[in-house]
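Each chain is listed here by its residues.
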Amino acid sequence: MEVKRMKIIIVGAGKVGELLCRDLSNEGNDITLIEENQKVLDQVLAYSDIMGLVGNGANCEILKEANVEKADIFIAVTQSDEINIISSVMAKKLGAKYTIARVRNPEYSSQIQFMTDSLGIDRMLNPESEAAFFILKNLEFPKALNVESFSRNTVNMLEVLVEKNSYLNGLKLTDFKNHYFKSILVCIVKRNQEVYIPTGNFILTEGDRIYVTGLQTELSEFYKSLGHSEEKIKSVVIIGAGKITYYLTSLLLEKKVNLKVFETNEEKAKYLSETYEKANVILGDGTDSLLLEEEQFSNYDACVSLTGMDEENVILSMYANKVGIKKTITKINNSSLFRLLDFSGLQTIVTPKKIIADYIIKTVRSFINSQHEENIETLYRLADNKVEAIEFKVSHDSKVINIPLKNLNIKDNLLIAYIIRNNEAIFPGGMDIILPEDRIIIVTTEKYLNHVNKILK
């Protein structure tokens, strides 16, 4: 299937904009980046094969100079919500086919549906809100390194560590399926810097980070089989009262979690405590070990480090591990730190810009082939972006329908993990077939898959 290059305009060369420029240009799209700061723009242009334009994305003349009327997709991700909203509205009026605006201010969060309906912006995304939901999912499995959800939480994927004393150490995957969990699939194995889509003959070993998928009840049983049968998280400490904390506090209080938040900024601390009366907000330095000890830090089940400094977050999580807190979640914004340092001692890492970039890339790939009928439902880039897990909606004219899976000539290093039919998850065997309107979850090392037919050789 030949796919045309998309003309994409991105406004804002910050962390998310830079990531989108690199990834979307690598996928073969025609990118124009608009940025007010010449120096910042030049830095991005030096590493990406894209066009650049200095100017304000909310300026009509700048948009016309960027040929916005020919844009397939317009993405506004500046630091200003208002500029993102205004530029997206203007782009739509000038002829852009599909517009996406990043909106982060909590005051706008309850108005997103109204603004999309009335202003004509196709998508409004909030990375901090998405990050809060990601953190909440990961608190449900305290010993998991990562948790992702597909098909409206019908199927989850857990990342867990194979420990020395675990029954998984030295276990062949065929034996895992035959003797332990028939409907749990080990779909990715990360061993040191290598990543595998394993076959049945693959043998797990200590230190492997494995991604397993299955229904919620089965995953819970698997999770317990690893010795992780402790009670759910009942108390959480959050260090830093930024935007993610605002959304996360609401989610945790709904779950009746005992919550304590540390914040050094008096204005932020006051705003959070006034908004959520049941949250215990401490005005003080969450990196001060004496203050933490005074506030009985070690008695909490989980620590979520959300300060504005990556280094502080890493140290806080390491300290939390040291004093016996069983779940740590660490916000890291600077992805270059992943390449420079070994974070194997940390548990869950949350990177808001990656969460929102993955979401936007999913939307772009869907738009390329379906023109608003989104055939990609969910997309995650896992194991240092070396593997993609994608949920496709299958159309009536797809080449994969009505053929037993054993007869499908699918690409190497690709597996069909699940078929979702009428909200029921099917763990497929060789005789199962894919039907129109099914959703299938595939895991692959193949890059840039944007249509279900492309799973075939």
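Scroll up to find the structure.
Let me sum up the structure you'll find in this document.

So, how was this worked out
- Residues numbered from 1 in each chain as written.
- Predicted model: local features only at pLDDT ≥ 70, side-chain atom pairs only at ≥ 80, totals over all residues.
- Heavy atoms only, no water.
- Helix = DSSP H or I, 4+ residues; strand = E, 2+ residues; numbered from the N terminus.
- Rg over C-alpha atoms; globule rule 2.2 N^0.38 Å.
- Buried < 20%, exposed > 50% of the residue type's maximum accessible area, 1.4 Å probe, protein only.
- Areas by Shrake-Rupley, 256 points an atom, 1.4 Å probe, with all protein chains shown as cover.
- Lys, Arg positive; Asp, Glu negative; His and termini not counted.
- Charge placed at Lys NZ, Arg CZ, Asp CG, Glu CD.
- Pairing = 2+ DSSP bridges.
- Right-handed = clockwise from strand over helix to strand, strands pointing away.
- Phe/Tyr/Trp six-rings, centres within 6.5 Å; stacked < 30°, edge-to-face > 60°.
- Core = buried A, V, L, I, M, F, W, Y, C linked by side-chain atoms within 4.5 Å.
- Contact = heavy atoms within 4.5 Å.

**Considering the overall build of the chain**
Within the chain one finds 15 helices and 22 strands. A globule of 457 residues ought to have a C-alpha radius of gyration of about 23 Å, and the chain, at 23 Å, matches this closely. Residues counted as buried form 54% of the 457 residues belonging to the chain. Approximately 20900 Å² of the chain is accessible, and the part contributed by carbon and sulfur atoms is 47%. Across the chain, the centroid of the 54 positively charged side chains sits 4 Å from that of the 62 negatively charged ones.

**Some thoughts on the pairing of strand S2 (residues 30-35)**
For S2, a buried count of five out of six residues is recorded, marking the element as mostly surrounded by other parts of the structure. Relative to S2, strand S1 (residues 7-11) runs parallel, the two sharing five bridges. Each residue of the ladder has a partner; that of Val-11, found in S2, is Ile-34. Chirality of the crossover, the property in question, places the unit of S1, helix H1 (residues 15-26) and S2 among those that are right-handed. Pairing of S2 with strand S3 (residues 51-54) involves four bridges; the strand directions are parallel. By the bridge assignment, Glu-35 is partnered in S3 with Val-54.

**Side note on the pairing of strand S20 (residues 414-421)**
The buried count for S20 comes to seven of eight residues, which makes it a mostly enclosed element. In terms of strand pairing, S20 meets strand S22 (residues 439-444) through six bridges, oriented antiparallel. By the bridge assignment, Ile-416 is partnered in S22 with Ile-442. Pairing between S20 and strand S21 (residues 424-426): three bridges, direction antiparallel. Bridge pairing in S21 places Arg-421 opposite Glu-424. Hairpin geometry of S20 and S21 is characterised by an intervening segment of two residues between the two adjacent antiparallel strands and by a positive phi of about 55° at Asn-422.

**Some remarks on the packing of aromatic side chains**
Each aromatic ring pair is characterised by the separation of its centres together with the angle its planes make. All told, the structure shown has 10 aromatic pairs when counted by the stated rule. With a centroid separation of 5.8 Å and 85° between ring planes, the pair formed by Phe-181 and Phe-222 is classed as edge-to-face. Pair noted here: Phe-181 is in the loop between helix H8 (173-179) and strand S9 (185-191) and Phe-222 is in helix H9 (residues 216-225), with a separation of 41 residues, a long-range link. An aromatic cluster is defined as three or more aromatic residues linked by ring pairs; in this entry it consists of Tyr-246, Tyr-247, Tyr-271 and Tyr-276.

**What to know about the nonpolar core**
Counting residues in each nonpolar core, the largest one holds 30 residues, and the members touching the most others are Ile-135, Val-236, Ile-238 and Leu-252. At the level of elements, helix H7 (127-139), strand S12 (235-239), helix H10 (243-254), strand S13 (258-263), helix H11 (266-275) and strand S15 (302-305) are the ones that each hand at least two residues to this core. With seven residues, H10 is the single largest residue contributor to this core. When residues no more than four places from it in sequence are discounted, the contact partners of Ile-135 are Ile-244, Leu-248, Val-304, Leu-306, Ile-329 and Val-350. Leu-24, Ile-73, Val-77 and Val-364 belong to the second-largest nonpolar core, a separate cluster that totals 26 residues.

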